[in-house]
Amino acid sequence: MPRLTIRLDDELYDRLIDRSRTTGTTPSAYLRDLLVRFEGTDPLGYHARFDDIYATTLQTMAMLGTWMAQVAPKAFEDGITEARALLVEHGLPVIERPE
């Protein structure tokens, strides 16, 4: 098995040791587990939780936007304009709606 050497500051090293002891594993096993979860190969790990949050947020926003466009179309359009401005301000992509 290949080996990897990394340098950690004292605080991060202490956190690693503490977490590995808390989980009842070695520091190496703890780091391997973190990498597997972070890199998305664990179906119940890091990315899966964000996918669930993302999907729920998209569904909620779609329902809210549909309702608001029907009930208060002017407020909806103002909100879309403001949202686009915020996306541009933060350097995020703006997707134009089809006419």
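Shown above is the structure to which this text applies.
Calculation notes
- Residues numbered from 1 in each chain as written.
- Predicted model: local features only at pLDDT ≥ 70, side-chain atom pairs only at ≥ 80, totals over all residues.
- Heavy atoms only, no water.
- Helix = DSSP H or I, 4+ residues; strand = E, 2+ residues; numbered from the N terminus.
- Buried < 20%, exposed > 50% of the residue type's maximum accessible area, 1.4 Å probe, protein only.
- Contact = heavy atoms within 4.5 Å.
- Areas by Shrake-Rupley, 256 points an atom, 1.4 Å probe, with all protein chains shown as cover.
- Salt bridge = Lys/Arg side-chain N within 4 Å of Asp/Glu carboxyl O.
- Axes fitted to C-alpha atoms, helices over the stretch in contact; angles between N-to-C directions.
- Parallel < 35°, antiparallel > 145°, perpendicular 65-115°, else oblique.
- Nonpolar A, V, L, I, M, F, W, Y, C, P; charged D, E, K, R; others polar.
- Patch = residues over 30% accessible without salt bridge, like charges linked within 9 Å, V, L, I, M, F, W, Y side chains within 5 Å.
- Lys, Arg positive; Asp, Glu negative; His and termini not counted.
- Charge placed at Lys NZ, Arg CZ, Asp CG, Glu CD.

(A) Layout of the overall build of the protein. Counting secondary structure elements, the protein contains four helices and zero strands. For the protein, the succession of helices and strands along the chain, N to C, is α-α-α-α. Scored against the burial criterion, the 99 residues of the protein give a buried share of 7%. Sequence-distant contacts, at least 24 apart, represent 3% of the contacts inside the protein between residues at least 6 apart. For the protein, the exposed surface amounts to about 8900 Å²; the carbon and sulfur share of it is 61%.

(B) The side chain of serine 20, seen in detail. Summarising the element assignment, serine 20 is placed in helix 1 (residues 10-23). A residue is classified by how much of its surface remains accessible, and serine 20, at 2% relative accessible area, is buried.

(C) Inspection of the pattern of salt bridges at higher detail. Summed over the entire model, instances satisfying the criterion amount to one salt bridge. As a salt-bridge pair, aspartate 78 and lysine 74 come within 2.7 Å of each other at their nearest N and O atoms. In this pair, aspartate 78 and lysine 74 both sit in helix 4 (residues 73-89), four residues apart, roughly one turn of the helix.

(D) How the structure looks around the packing of helix 1 against helix 2 (residues 27-38). Two numbers describe how helix 1 lies on helix 2: the axes approach to 9 Å, and their chain directions differ by 90°. In terms of orientation, helix 1 and helix 2 fall into the roughly perpendicular class. In this structure, helix 1 contributes Leu16, Ile17, Arg19, Ser20 and Thr23 to the contact, and helix 2 contributes Pro27, Tyr30 and Leu31. Partitioning the contact of helix 1 with helix 2 into residue classes produces five nonpolar, two polar and one charged.

(E) Region of the structure containing a negative patch on the surface. Taken together, the side chains of Asp9, Asp10, Glu11, Asp14 and Asp18 present a region of like negative charge at the surface. Inspection of the secondary structure puts aspartate 14 in helix 1.

Coordinates in, geometry out; function isn't part of it.
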